[in-house]
Amino acid sequence: MARQLRRKFSAQPELEPLLQQLPELPSVRLEDLADALIDFTAFADLQAWL
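Anyway, here's the lowdown on the structure attached to this text. (Residues numbered from 1 in each chain as written. Predicted model: local features only at pLDDT ≥ 70, side-chain atom pairs only at ≥ 80, totals over all residues. Heavy atoms only, no water.)

Brief notes about the overall build of the protein chain
- Helix and strand content of the protein chain: four helices and zero strands.
- Ordering the α and β elements of the protein chain from the N terminus gives α-α-α-α.
- Relative to a compact globule of 50 residues, whose C-alpha radius of gyration would be 10 Å, the protein chain shows 10 Å and is just as compact.
- Here the C-alpha coordinates of the protein chain stretch approximately 25 × 20 × 20 Å along the principal axes.
- Across the 50 residues of the protein chain, 28% fall into the buried class.
- Excluding contacts between residues fewer than 6 apart, the proportion of contacts in the protein chain whose partners are at least 24 apart in sequence is 56%.
- Carbon and sulfur atoms make up 50% of the accessible area of the protein chain, which totals about 3600 Å².
- For the protein chain, the distance from the average position of its 5 positive side-chain charges to the average position of its 8 negative side-chain charges is 8 Å. (Helix = DSSP H or I, 4+ residues; strand = E, 2+ residues; numbered from the N terminus. Rg over C-alpha atoms; globule rule 2.2 N^0.38 Å. Buried < 20%, exposed > 50% of the residue type's maximum accessible area, 1.4 Å probe, protein only. Contact = heavy atoms within 4.5 Å. Areas by Shrake-Rupley, 256 points an atom, 1.4 Å probe, with all protein chains shown as cover. Lys, Arg positive; Asp, Glu negative; His and termini not counted. Charge placed at Lys NZ, Arg CZ, Asp CG, Glu CD.)

Shown next as structure tokens:
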């Protein structure tokens, strides 16, 4: 999941702190994030989702 997020939002310096939250998420929530990532159009979408 981190790899996909880095690829989509690579220029965002705020991304790394958010990626550190991923290991704390339950697997079901990570699956939901993988689905939601398809619809994200801006970094703010990720921030709002988390």
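What to know about a negative patch on the surface
- Negative charge collects at one region of the surface, where Glu31, Asp32, Asp35 and Asp39 lie side by side.
- By secondary structure assignment, the location of aspartate 39 is in the loop between α3 (27-37) and α4 (43-49).
- The class for aspartate 39 is exposed, based on a relative accessible area of 61%. (Patch = residues over 30% accessible without salt bridge, like charges linked within 9 Å, V, L, I, M, F, W, Y side chains within 5 Å. Salt bridge = Lys/Arg side-chain N within 4 Å of Asp/Glu carboxyl O.)

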